Amino acid sequence: MATALEACKPLTREGIAQRLARDIPEGWYVNLGIGAPLKVADYIPADREVIIHSENGILGMGPVPAPGEVNPWLINAGKQYVTLRSGGSYTHHADSFAMIRGGHLDLCVLGAFQVAENGDVANWSISDNDTAPAVGGAMDLAAGARQLWVLMEHTTKSGESRLVRRCSYPLTALGAVKRVYTNLAVLDITDDGFAVRDMVPGLTLEALQDVTDAPLRMASQ
Amino acid sequence: MINKIVQTMAEAMADIRDGSIVLLGGFGSIGQPNELIEGLIEQGAKDLTVVSNNAGTGRFGLAKLLELGRVRKMICSYPRSAGSVVFEEVYRAGKIELEIVPQGTMSERMRAAGAGIPAFYTATAVGTKLAAGKEEREIGGRKYLFEEALHGDVALVEAWEADRWGNLTYRSSARNFNPVMATAAALTIVQTQHIVELGALDPEKIVTPGIYVNRVLHVPYGEPKVI
């Protein structure tokens, strides 16, 4: 008999981004971390005004430009060509990070290697022996945004849980994460650790727990 | 008559000394004054500390300066990116010192320098290994790190338009670190795509007022080809 994990259909990266985008309300100012979180922008419904911030000085970032319409001076924090939405604006770096540090962003979505049950997050370096890791703006975003959500695979390629009791990788911020979106589930971080908000169809809490290092419980509805 | 516009690269680069702290604008190559870096290479100053978000790509501009062994120390947030081959080489060979600074802390340290603020506290990096050796203080129930202002001897800046007083505008996201660095250095040198008559810039749209600028060189290089 197939286990619940084998029977369910994990989300693709796009699927996680789509799931997360559903939960962003109109009017929020949101920074999307480089990599997978940037895909969230593709799934925000056109009739919902959500303002995307890019830490290199863009507020009101729009989608990738159509071929032949690239502004060669307009890139996002992931160094991809982007556009500016109508109503968008530019700032210099210190003002852009003042928006972040000053608590003006409603939400930041980051990718991560590990999230701990106390909200600690590790996303910038995989080893204390790496002496030239690239931190970029991750620590500023994790400490400064009003809410931090993490978008990541539930386990590593070799099957190790990324939701852990304590992070073993170098930390990006302490106690910062409020919610995690994985290919298997959406989980809140509460005073009592991870609380499962929902799971992909067919998955059970027991099967999810089997692939998760940190203890899980269902969120109270 | 004030005229900060210089005619040659040699004039632009005059008096940059060995051992200088050089603030280098740009995010990747966008907004990075690559011709001024070439000028600095030609000028010959060495033993430099370079403050820049990234550590250069390819083998031109900042990467070339690194390859020539002219940089003693890099202060940056994101040294490794696609194409940062030269940095990797010199770093692995132990030929360069590296200080990793979170991007927002780096920009605020320069903003503070330009604004006469000697230091500040920030929640960024509390509890991480980048907090090592830094004073931690609790204010209003939250922990913060003590960070000092970061002054430059020289800032190399790329602008879109400039006039002879050194008033500057920028283009899209090429603004990035440039206006902050312009305020934080003793000597601010600008390369600009366009020179305009004094009075032609809309005062409502000037981002960097000329008080922060010492020299302006006209470098109409066209469009950036590399990100």
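Since the model is a prediction, treat every value here as computed from it, not as a measurement.

Conventions adopted
Residues numbered from 1 in each chain as written. Chains lettered and ligands numbered in written order. Predicted model: local features only at pLDDT ≥ 70, side-chain atom pairs only at ≥ 80, totals over all residues. Helix = DSSP H or I, 4+ residues; strand = E, 2+ residues; numbered from the N terminus. Rg over C-alpha atoms; globule rule 2.2 N^0.38 Å. Buried ≥ 20, exposed ≤ 12 C-beta atoms within 10 Å, placed from the backbone. Contact = placed C-beta atoms within 7 Å. Pairing = 2+ DSSP bridges. Axes fitted to C-alpha atoms, helices over the stretch in contact; angles between N-to-C directions. Parallel < 35°, antiparallel > 145°, perpendicular 65-115°, else oblique. Left-handed = near helix turned anticlockwise from the far one by under 90°. Nonpolar A, V, L, I, M, F, W, Y, C, P; charged D, E, K, R; others polar. Core = buried A, V, L, I, M, F, W, Y, C linked by C-beta atoms within 7 Å. Right-handed = clockwise from strand over helix to strand, strands pointing away. pLDDT = per-residue confidence, 0-100.

## Some thoughts on the overall build of chain B
Link 1 in the chain: Check the secondary structure of chain B and you find six helices and 12 strands.
Link 2 in the chain: In terms of C-alpha radius of gyration, chain B reaches 18 Å, essentially the compact-globule figure of 17 Å for 227 residues.
Link 3 in the chain: With the C-alpha coordinates of chain B rotated into their principal frame, the extents come out at 50 × 45 × 30 Å.
Link 4 in the chain: Within chain B, buried positions represent 50% of all 227 residues.
Link 5 in the chain: Partitioning the intrachain contacts of chain B with sequence separation of at least 6 by distance along the chain shows that 77% fall at a separation of at least 24.

## Brief notes about the sheet that holds strand β11 (residues 185–190) of chain A
All names here are of chain A.
Link 1 in the chain: The 10 strands lie next to each other as β4-β3-β2-β1-β5-β8-β10-β11-β12-β13, forming an open sheet whose pairing is mixed. At either end of the open sheet lies a strand with only one pairing partner, and these are β4 (83–90) and β13 (216–218). Within this sheet the neighbouring strands show an average axis-to-axis angle of 30 degrees, counted without direction.
Link 2 in the chain: The pairing of strand β8 (residues 148–151) with strand β10 (residues 177–181) spans four bridges and is classified as parallel. Looking at β10, one finds that Leu-148 is bridged to Val-177.
Link 3 in the chain: Seen against the sheet, helix α2 (residues 13–22) touches β5 (107–110), β8, β10 and β11 and runs at an angle of roughly 155 degrees to β8.

## Brief notes about the packing of helix α3 (residues 93–101) of chain A against helix α5 (residues 103–115) of chain B
Link 1 in the chain: Following both chains from N to C, one finds α3(A) and α5(B) inclined at 120 degrees, their axes separated by 9 Å at the closest point. When the interaxial angle is binned, α3(A) and α5(B) end up oblique. Handedness of the crossing formed by α3(A) with α5(B): left-handed. The segment α3(A) lies against α5(B), with His93(A), Ala94(A), Phe97(A), Ile100(A) and Arg101(A) engaging Gln103(B), Gly104(B), Ser107(B), Glu108(B) and Arg111(B).
Link 2 in the chain: The class makeup of the residues in the contact of α3(A) with α5(B) is three nonpolar, four polar and three charged.

## Some points on the environment of Met152(A)
Residues and elements named next belong to chain A.
Link 1 in the chain: Mapped onto the fold, Met-152 is located in the loop between β8 and β9 (163–164).
Link 2 in the chain: Linking Met-152 and Gly-15, residues 137 residues apart in sequence, is a C-alpha distance of 11 Å.
Link 3 in the chain: Setting aside anything within four residues of it in sequence, one finds Met-152 in contact with Gly-111, Ala-112, Arg-162 and Thr-182.

## Structural notes on the interface of chain A and chain B
Link 1 in the chain: Contact residues are listed per partner, giving 32 residues for chain A and 40 residues for chain B.
Link 2 in the chain: Among the elements of the structure, α3 and α4 (138–144) of chain A are those that each provide at least two residues to the side of chain A that touches chain B.
Link 3 in the chain: For the side of chain A that touches chain B, the leading source of residues is α3(A), giving five residues.
Link 4 in the chain: Partitioned by chemical class, the residues of the side of chain A that touches chain B number 18 nonpolar, nine polar and five charged.

## A few points about the nonpolar core
Link 1 in the chain: One finds Val109(A), Ala142(A), Val150(A), Leu151(A), Ala155(B) and Met181(B) to be the most contacted residues of the largest nonpolar core, which totals 129 residues.
Link 2 in the chain: If one sorts the elements of this core by residue count, strand β9 (residues 152–162) of chain B sits on top with six residues.
Link 3 in the chain: In contact with Met181(B), not counting residues within four places along its chain, are Leu23(B), Gly25(B), Met110(B), Gly152(B), Ala155(B) and Val157(B).

## Concerning the pairing of strand β2 (residues 51–54) of chain A
Residues and elements named next belong to chain A.
Link 1 in the chain: As paired strands, strand β1 (residues 29–32) and β2 are joined by three bridges and run parallel to one another. Its bridge partner lying in β2, Val-30 is registered against Ile-52.
Link 2 in the chain: Sheet topology places β2 next to strand β3 (residues 58–62); two bridges connect them, and they run antiparallel. The residue of β3 that forms the bridge with His-53 is Leu-59.
Link 3 in the chain: Joining the antiparallel neighbours β2 and β3 is a turn of three residues, in which Gly-57 adopts a positive phi near 105 degrees.

## Describing the pairing of strand β3 (residues 48–51) of chain B
All names here are of chain B.
Link 1 in the chain: Of the pairings in the sheet, the one linking strand β2 (residues 21–24) to β3 comprises three bridges and is parallel in character. Across the sheet, Ile-21 pairs through a bridge with Thr-49, a residue of β3.
Link 2 in the chain: Each parallel crossover has a hand, and for β2 linked through helix α2 (residues 34–43) to β3 it is right-handed.
Link 3 in the chain: The pairing of β3 with strand β4 (residues 71–76) spans four bridges and is parallel. Within the sheet, the bridge partner assigned to Val-50 lies in β4 and is Met-74.
Link 4 in the chain: Regarding the hand of the β-α-β motif, the stretch spanning β3, helix α3 (residues 61–67) and β4 is right-handed.

## Topic: the sheet that holds strand β6 (residues 114–116) of chain A
Link 1 in the chain: Strand order in the open sheet formed by three strands is β7-β6-β9 (chain A), and the pairing between neighbours is mixed. The sheet is open, and its two borders are formed by β7 (121–122) and β9 of chain A, each paired with just one other strand.

## With respect to the confidence of the model for chain B
Link 1 in the chain: Chain-level statistics for chain B give a pLDDT mean of 96 and a share of 100% at 70 or above.
Link 2 in the chain: Model confidence for the complex: the whole-complex pTM is 0.96, and ipTM, which rates the interface, is 0.96.

## Thoughts on the environment of Ala119(B)
Residues and elements named next belong to chain B.
Link 1 in the chain: With respect to the helices, strands and loops of the structure, Ala-119 is situated in strand β6 (residues 119–122).
Link 2 in the chain: Along the sequence, Ala-119 and Pro-220 sit 101 residues apart, while their C-alpha atoms lie 38 Å from each other.
Link 3 in the chain: Each residue touching Ala-119, except ones within four places of it in the same chain, is listed here: Phe-146, Glu-147, Glu-148 and Ala-149.

## Details of unusual backbone geometry
All names here are of chain B.
Link 1 in the chain: For Asp-47, which is not a glycine, the phi torsion comes out positive at approximately 60 degrees.
Link 2 in the chain: By secondary structure assignment, the location of Asp-47 is in the loop between α2 and β3.
Link 3 in the chain: By the C-beta count within 10 Å, which is 13 here, Asp-47 ends up partly exposed.
Link 4 in the chain: In the Ramachandran plot, Asn-176 falls in the positive-phi region, its phi being about 20 degrees despite a non-glycine side chain.
Link 5 in the chain: Looking at where Asn-176 falls in the secondary structure, it is placed in the loop between β10 (168–169) and α6 (178–184).
Link 6 in the chain: Judged by the 30 C-beta atoms lying within 10 Å of it, Asn-176 falls in the buried class.

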